[in-house]
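Letter by letter, the chains look like this.
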Amino acid sequence: MSNYGVARMTARHGLSMLKDEGLTVTRHGSGVFVRAFEPIVRDTTGAEVGESTVTAETDETGAGLTVRTLAVTAEAEPPEKVRTTLGLAEGAKVTVRERLHLRERKPVLFATSYLPASIAAGTPIADQEVGPGGTHARLTEAGHAPVRFREDVVGRMPTIEEIEELRIEPGTPVLSVTRTAFTQDGTPVEVSYVVLDAGEFMLRYDIGG
């Protein structure tokens, strides 16, 4: 107010605009601060085919993310869109894995993966700890190696639950990624729904040869 000769409401409106644009963060009891963007680069361009995306999600220093398994269900009824995507018959069950990825102690990514229970149930995929290499390594060992992936990415504002789960700053969108893994013969063996804090991530893809 003193520097620019404006009224208190004008200054507050300006700060509110900066917050809505995602340029500042308010820390209660401390003040308003410029928001830093040091993105985690979700880079799948150098990943081996079939490699778990967990190993491809690292920051620029290579420090990576901590992955916390929240829940595993060996056999569950699939949502209709999952059943359709995986080409499952009526009554077929799925194995569900829910994971939270953290950068230091800040949650940045929530993922839910569905696999046909006929493939996953009774294997380490249905265990709390899936083992080295993740789900894709276990699929490969079982003769269902993923060799091709499709990702649909949508930017949107987060739900209330996502704001709480990922501790998302006001005015920050999320990236919603639907990732489907296919075997050599084109059979879908996994569909994952991933929600990323867009204030924390940059997605990198190679297009063409």
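Above this text is the structure in question.
Cut-offs used in this document
- Here the residue numbers are simple positions, counted from 1 along each chain's written sequence.
- pLDDT decides what is reported in this predicted model: residues at 70 or higher carry local features, side-chain atom pairs at 80 or more are listed and counted, and totals for whole chains, interfaces and linings draw on all residues regardless.
- Water and hydrogen atoms were dropped before computing side-chain values, which therefore reflect all heavy atoms in the structure.
- Runs of E in the DSSP output that reach at least two residues are strands. Runs of H or I that reach at least four are helices, and both are numbered from the N terminus.
- Working definition: with a 1.4 Å probe on protein chains only, accessible area under 20% of the residue-type maximum means buried, over 50% means exposed, and in between means partly exposed.
- Whether two residues are in contact is decided by their heavy atoms, any of which lying within 4.5 Å being enough.
- Note that accessible areas follow from Shrake-Rupley with a 1.4 Å probe, and for residues the cover is restricted to the protein chains shown.
- Here, the term nonpolar core denotes a set of buried Ala, Val, Leu, Ile, Met, Phe, Trp, Tyr and Cys residues that are joined through side-chain atoms within 4.5 Å.

### Overview of the overall build of the protein
Here is step 1: Regarding its fold elements, the protein presents 5 helices and 11 strands.
Here is step 2: Across the 209 residues in the protein, those meeting the buried criterion constitute 39%.
Here is step 3: Within the protein, counting contacts between residues at least 6 apart in sequence, those at least 24 apart form 57% of the total.
Here is step 4: When the accessible surface of the protein is summed, it comes to about 11,900 Å², and 52% of that surface belongs to carbon and sulfur atoms.

### Structural notes on the nonpolar core
Here is step 1: Residues I40, L65, V108, L109, A111, L175, V177, V194, L196 and F201 constitute the largest nonpolar core, which totals 10 residues.
Here is step 2: Of all the secondary structure elements, the ones that give two or more residues to this core are β7 (106-116), β9 (174-182) and β10 (188-197).
Here is step 3: The element that contributes the greatest number of residues to this core is β7, accounting for 3 residues.
Here is step 4: Not counting residues up to four positions away in its chain, the partners in contact with L175 are V153, V154, G155, V194, V195, L196, A198 and L203.
Here is step 5: Formed by 9 residues, the second largest nonpolar core is a distinct cluster that contains A76, V82, L86 and V96.

### Concerning helix α4 (residues 134-141)
For an α-helix the count is 3.6 residues per turn, leaving residues at separations of three or four pointing the same way.
Here is step 1: By the burial criterion, the buried members of α4 are G134, T135, H136, R138 and L139.
Here is step 2: Where the residues of α4 are buried, they touch β6 (94-103), β7, α3 (117-120), β8 (148-156), β9 and β10.
Here is step 3: In the segment just after α4, G143 is the residue with positive phi, at about 85°.

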